[in-house]
Amino acid sequence: MAAKRITREYAEISESPPSGINVSLDNDNVHKWNVVMAGPEGSPYAGGTFHLSLTLPPEYPFKAPVLSFKTRIYHPNVTNDEKGSMCIGILKSESWKPSSKILAVLLAVQDLLREPVPDDALEAQIADKFKNDRPGFERDAKDAVKRWAK
Amino acid sequence: MEEDNVRSVELECLAAIYPEIVLGAEPFTASLEIPVHPTKPVKVVFPASAEVAPLPTPPYSETDNEPGQATIAAHVESHNLMYLPSLHLHLTLPEGYPAEVPPIFRLSTTPQWLSQDQLDNLQAKGATIWEDNEHLEMVYDYVDSLQQAAENAFGCGEGKDFQIPQEHKISLLDYDIKAVQAAFEKETFDCGVCLDPKKGTVCHKMTGCGHVFCVECLQDFYNNAIKEGDLVSVRCLSPKCAKEREAQSPSKTGRKSKTQLSPSELLQIPLQHEVITRYVTLKHKADLESDKSTIYCPRKWCQGAARSKKHRKPEGFEVVESENESDTEETNGKVAKFKAGEDLLSVCEDCSFAFCSRCYQGWHGEFKSCGPRRSDGELTEEEKASLEYLKLHTTPCPTCAAPAQKTHGCNHMICFKCNSHFCYLCSSWLQPQNPYLHYNEENKPCFQRLWELEGGDGDDVGIGFFGVGEHVEEDDENEFIEEDDVGNDLANQPHHAVVQGDVFGLAPAEVVEQARLLAPREPAANRAPIEREGPLVLRINQLPRVAGPAALVAPAQANPGAAVPHPGRQNARAGQEARHRVRANNEAEGAVLDEANQAWVRMFVQMALNDEEDQLDSDDEGDNAIFDIHVR
């Protein structure tokens, strides 16, 4: 069932991709997607291009997909390292539901770029800066985009 | 003939329009079921059958003006029905129809949820239509009018509740449920998990929230979740569904279980019985584990949960509470221990093993004093030490299990609680008439051992006697040490001193205290042997005053007393047959009794045999309530 559902979801997203998001399969493996996401306009990430890797476990959709940033990003909710692990509610095992869809996950990531959630941060320092020194945060984020996401 | 033709043509037309029409055995008769599926659910109330009011049928009846109607409906439960049992139409096209004779319509419902008045009114409508159609074929028009009337449930429930006699309640509700299910099965749904469109027949609608998923996905998911023990996931698969519902009803117990599916819904999906059984078992287990007061079966191979059979309250806290209760009761030394024991009985719900919830041994009855479980850490070190002390240095009363500690004297004990006579060594019950028989019967473990532990049982006398018959052999060893140690200094005091066995806060110093209290006693003039105690009293008075809160110092402090010359044991060990035999294994210590002391012992034994020995102590009465020195 997993492959069938993934194929169906992939077809849906490919046919009518949400703005700023592009998906492709990694080596024709339906369980591994390459996602290219444009930094949303109005956010410090605008103009950047972010590559993400989406891994769908064999138990999908019973188990949540795993999503990580391949492009390094300066963001409170994404680890600021090579792994680019991230933390979003919809992917947490206790809130993942089999009828949650990949499209919703991708849109949630987009939302996270627009509006970080510092209270649920992976990078405490960045979260602090976001909360207490918003201009400084935006400057750092833009610098990071120039360095890594151009 | 032409009329026949007209009638057959009309019936053929009807059969073409309503394929479900059934032609009757009689010529020109037919019957048709007209489904009643109102566009809006009908709010139906079922008043008790005794007081069935005339059915309110607004267009036809005049009951609208009756004020009593509404009040009846107010306290009767109402149901919204989507489907009502179909209206059965039986029609006959008689000779002369349509030109001269109107058709004959007979209407009925099973059960009769439409009143006869309403049915009559609907039937009468047929004749009206026939007239309006100027005596032409009109059956289709009539059926059509019935169908239209059915869409608003024949006007029932418009404006006010539709009342149907109570006796039809079950069949109507049942019909509604089945019809809803049938309609559901005809629909097609997009399963949110596999994203495939699925027929209603292979879908399940969640009872709580109404989300629909295909049975295959639900089975896959729930089977997997239950297999992995992920009970929390056994809920609606729709994103945020459970959360939204939790938010809607925040007043609920605050547990997630509310959004979890019930076993009966899992059965409906359906899941296999074994899986549902596992789900229920795991849930129960989780509930037990989250309840701190749950007691588990001590059998290693079982370890099932146990519920105390004698819960006075239904809550699981009972066991803990009753344990605390019994502990305090023991501390207070009140008789309540008899009752407290009842709450200790636990029966394993799995293997039915009956055990004590305090000591985790097989059920030993209510009267046994037992130690607490060790590993649970509920007891403080001090409490544990006290219990350990009790175990080592007290003997339980065979009747009421109250622990008794002997401070001095012989092994004939009288319980301070229930006045039972018993042996301090083996806890045997003794005949009040002749308690010493126990020590004079050969081949009995306690033969000739009336005076063992004469100096008392406690920390100050070394490792105490355990007080159980089968331990007699090894305990002799202990006593050996004890005599060697400090037993002497308190020897020869009157027996029958029974110390109340507090569970906690036992003060070994009481031994010393007791001795001090004995001091001022004046022996009766005609009982010379008692004067043998004179030196002893003096000696005890020389003891450092260590009694009181510094209880634990007492054992150490008591030792110097042993250095004081003991007039009663300095020489003359000969001739004292009985005493000698009892003490035979202690002779090595070199304790010797002088003649006078032996004489006193002899006399005492004699008095004891006559059960008069309490006279020796009569003046002690009332000095200290703790020491019950009387034989009664």
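Along each chain, the written sequence defines residue order, and numbers are assigned to residues from 1. To read the labels, note that chains go from A and ligands from 1, taken in the order they are written. Per-residue local features of the predicted model are confined to residues with pLDDT of at least 70, and side-chain atom pairs are confined, for both listing and counting, to 80 or more; whole-chain, interface and lining totals are unaffected and use all residues. Heavy atoms throughout the structure, all of them, feed into the side-chain values; hydrogens and water do not.

## Focus on the overall build of chain A
Numbering of helices and strands runs from the N terminus, with a helix taken as a DSSP run of H or I at least four residues long and a strand as a DSSP run of E at least two residues long. Scanning chain A from N- to C-terminus turns up four helices and four strands. Using a 1.4 Å probe on the protein chains alone, a residue whose accessible area is under 20% of its type maximum counts as buried, one over 50% counts as exposed, and one in between counts as partly exposed. By the burial criterion, 45% of the 150 residues in chain A qualify as buried. Any two residues having at least one pair of non-hydrogen atoms within 4.5 Å are treated as being in contact. Nonlocal contacts in chain A, meaning residues at least 24 apart in sequence, comprise 51% of its contacts between residues at least 6 apart. Surface accessibility in these figures is a Shrake-Rupley result with a 1.4 Å probe; residues are shielded only by whichever protein chains are displayed. By element, 49% of the accessible surface of chain A is carried by carbon and sulfur atoms, the whole surface being about 7300 Å².

## Regarding the interface of chain B and chain A
Contact with chain B, which involves 20 residues of that partner, is made by 16 residues of chain A. Accessible area, probed at 1.4 Å, shrinks when two parts are joined; the buried area is that loss added up over both. Between chain B and chain A, the buried area comes to about 1400 Å², and carbon and sulfur atoms account for 57% of it. Of all residues in chain B, Val-193, Leu-195 and Phe-221 of chain B give up the largest surface area on contact with chain A, accounting jointly for 35% of the area buried on that side. What makes a salt bridge here is a side-chain nitrogen of Lys or Arg within 4 Å of a carboxyl oxygen of Asp or Glu, nothing more. Here Lys-63 of chain A ties to Glu-228 of chain B by a salt bridge, and the two come within 3.4 Å at their closest N and O atoms. Nitrogen and oxygen atoms within 3.5 Å of one another constitute a polar contact, given that in protein one can donate a hydrogen and the other can accept it, and given that sequence-neighbouring residues count only through two side-chain atoms. Our count for the chain B to chain A interface comes out at eight residue pairs in polar contact (both at pLDDT 80 or more). The set of elements that each furnish at least two residues to the side of chain B that touches chain A consists of α6 (215–228) and α7 (241–248) of chain B. When residues of the side of chain B that touches chain A are assigned to their parent elements, the largest contribution, five residues, is made by α6 of chain B.

## Description of the packing of aromatic side chains
Pairing of aromatic rings covers Phe, Tyr and Trp, the last through its six-membered ring, and needs centres within 6.5 Å; plane angles under 30 degrees mean stacked, over 60 mean edge-to-face, and all others mean tilted. Taken as a whole and assessed by the stated rule, the structure comprises 14 aromatic pairs over all chains. Considering the side-chain rings of Trp-113 of chain B and Phe-154 of chain B, the 6.3 Å spacing of their centres and the 40° angle between planes classify their relative orientation as tilted. Of this pair, Trp-113 of chain B sits in the loop between β6 (104–109) and α3 (116–132) while Phe-154 of chain B is found in the loop between α4 (139–151) and β7 (162–163), placing the two residues 41 residues apart along the sequence. Residues Trp-113 of chain B and Phe-154 of chain B agree in their burial class; the two are buried. Each member of the aromatic cluster is reached from another via a ring pair, and the members are Tyr-45, Phe-50 and Phe-69 of chain A. Placement of a charge over a ring requires the Lys NZ or Arg CZ to be within 6 Å of the ring centre, with the centre-to-atom vector within 35 degrees of the ring normal. Lying over the aromatic face of Trp-148 of chain A, Arg-147 of chain A brings its terminal NZ or CZ to 4.7 Å of the ring centre. In this arrangement the basic side chain of Arg-7 of chain B is found over the ring face of Phe-28 of chain B, its NZ or CZ atom lying 3.9 Å from the centre.

## With respect to the sheet that holds strand β3 (residues 42–45) of chain B
All names here are of chain B. By this definition, two strands are paired if DSSP reports at least two bridges between them. The strand order across the open sheet built from three strands is β4-β3-β7, with neighbouring strands paired in mixed fashion. Strands with a single pairing partner mark the edges of an open sheet, and in this sheet they are β4 (78–81) and β7. Two strands pair when backbone bridges link them, and β3 and β7 are joined in this way by two bridges, in the parallel orientation. Within β7, the position partnered with Val-44 by the bridge is Phe-162.

## Remarks on the state of the cysteines
All names here are of chain B. Two cysteine sulfur atoms make up a disulfide if the distance between them is within 2.5 Å. A complete count under the given rule lists zero disulfides over all chains for this structure. The thiol of Cys-410 is not disulfide-bonded; the next cysteine sulfur, from Cys-423, is found 9.4 Å away. You can call Cys-410 buried: its relative accessible area is 0%.

## Description of the pairing of strand β2 (residues 29–38) of chain A
All names here are of chain A. Pairing geometry for strand β1 (residues 21–26) and β2, over six bridges, is antiparallel. In the sheet register, Ser-24 faces β2, and the bridge partner there is Asn-34. Where β1 folds back onto β2 in an antiparallel hairpin, the turn is made up of two residues, including Asn-27, whose phi is positive at roughly 55°. One ladder, built from seven bridges, connects β2 with strand β3 (residues 49–55); its direction is antiparallel. Its bridge partner lying in β3, Trp-33 is registered against Leu-54.

## Some thoughts on the side chain of Ser-427 of chain B
Residues and elements named next belong to chain B. Note on placement: Ser-427 falls in the loop between β19 (421–423) and α13 (437–440). By relative accessible area, which is 15% here, Ser-427 ends up buried. In this structure the side chain of Ser-427 is engaged in a polar contact, spanning 2.6 Å, whose partner is the backbone oxygen of Pro-396.

## Side note on the packing of α6 of chain B against helix α9 (residues 273–290) of chain B
Residue and element names in this part refer to chain B. Only the stretch in contact is used when a helix axis is fitted, and all axes are lines through C-alpha atoms; the angle between N-to-C directions ranges over 0 to 180 degrees. Their axes nearest at 10 Å, the elements α6 and α9 cross at an angle of 45°. Relative to α9, the element α6 lies oblique. α9 is crossed by α6, and the crossing has left-handed handedness. Mapping the contact onto sequence places Asn-223, Ile-226 and Lys-227 in α6 and Val-275, Arg-278, Tyr-279 and Leu-282 in α9. When residue character is reported, Ala, Val, Leu, Ile, Met, Phe, Trp, Tyr, Cys and Pro are called nonpolar, Asp, Glu, Lys and Arg charged, and the others, Gly included, polar. When grouped by side-chain class, the residues that make up the contact of α6 with α9 number four nonpolar, one polar and two charged. Any angle from 65 to 115 degrees is called roughly perpendicular, while one under 35 is roughly parallel, one over 145 is roughly antiparallel, and all others are oblique. The sense of a crossing depends on the near helix, which, turned anticlockwise from the far helix by less than a right angle, makes the crossing left-handed and, turned clockwise, makes it right-handed.

## Some words on the pattern of salt bridges
Within the structure shown, the criterion is met by 13 salt bridges over all chains. With its nearest N and O atoms 3.1 Å apart, the salt bridge here joins Arg-114 of chain A to Asp-111 of chain A. Here Asp-111 of chain A and Arg-114 of chain A lie together in helix α2 (residues 102–114), a separation of three residues that amounts to about one turn. On the basis of relative accessibility, which here comes to 42%, the residue Arg-114 of chain A falls in the partly exposed class. With a shortest N-O distance of 3.4 Å, Lys-198 of chain B and Glu-216 of chain B are connected by a salt bridge. Taken together, the residues span a long stretch of sequence, with Lys-198 of chain B in strand β9 (residues 197–199) and Glu-216 of chain B in helix α6 at a distance of 18 residues. A residue is classified by how much of its surface remains accessible, and Glu-216 of chain B, at 47% relative accessible area, is partly exposed. Salt bridges here are not isolated pairs; linked through shared partners, they connect Lys-4 and Arg-8 of chain A together with Asp-196 of chain B.

## Brief notes about the sheet that holds β1 of chain A
Residue and element names in this part refer to chain A. The strand order across the open sheet built from four strands is β1-β2-β3-β4, with neighbouring strands paired in antiparallel fashion. The strands lining the two open edges of the sheet, one partner per strand, are β1 and β4 (66–69). With strand direction ignored, the average angle separating the axes of adjacent strands in the sheet is 25°. Where α2 meets the sheet, it contacts β1, β2, β3 and β4, and its direction lies at approximately 30° from that of β2.

## Focus on the confidence of the model for chain A
The predictor attaches a confidence to each residue, called pLDDT, with possible values from 0 through 100. Overall, the predicted model of chain A reaches an average pLDDT of 87, with 99% of residues at or above 70. Taken element by element, the predicted model of chain A shows its lowest mean pLDDT in helix α1 (residues 2–15) of chain A (87) and its highest in β3 of chain A (91).

## A word on the nonpolar core
Ranked by size, the top nonpolar core spans 41 residues in total, and within it Leu-87, Leu-89, Trp-113, Tyr-142 and Phe-154 of chain B carry the most contacts. The dominant element in this core, judged by the number of residues it contributes, is α4 of chain B, at six residues. In this structure, Leu-89 of chain B is in contact with Ala-30, Ser-31, Leu-32, Ile-34, Phe-105, Arg-106, Leu-107, Tyr-142, Val-143 and Leu-146 of chain B, ignoring residues within four places of it in sequence. Here, nonpolar core means buried Ala, Val, Leu, Ile, Met, Phe, Trp, Tyr and Cys residues that are tied together by side-chain atoms lying within 4.5 Å of each other. Counting 37 residues, the second largest nonpolar core, distinct from the first, contains Ile-13, Leu-67, Leu-112 and Ile-126 of chain A.

## A closer look at helix α5 (residues 169–186) of chain B
Under the convention used throughout, the expected extent of a helix is 1.5 Å for every residue step, that is, one less than its residue count. With 18 residues, α5 of chain B extends 26 Å from end C-alpha to end C-alpha; this agrees with the ideal 26 Å at 1.5 Å per step. Where the residues of α5 of chain B are buried, they touch β4, β5 (84–92), β8 (188–190), β10 (203–205) and β11 (212–214) of chain B.

## Describing the confidence of the model for chain B
Residues and elements named next belong to chain B. Predicted confidence across chain B gives a mean pLDDT of 67, with 59% of residues reaching 70 or more. Highest mean pLDDT in chain B belongs to β19 (91); lowest belongs to helix α10 (residues 318–332) (33). A low-confidence stretch, residues 251–257 (pLDDT under 50), is modelled with four contacts involving residues beyond four sequence positions or located in other chains. Long-range and interchain partners of residues 308–341, a stretch whose pLDDT sits below 50, account for 58 contacts in this model, where long-range means more than four residues apart. Here the predicted complex carries an ipTM of 0.76, next to a pTM of 0.50.

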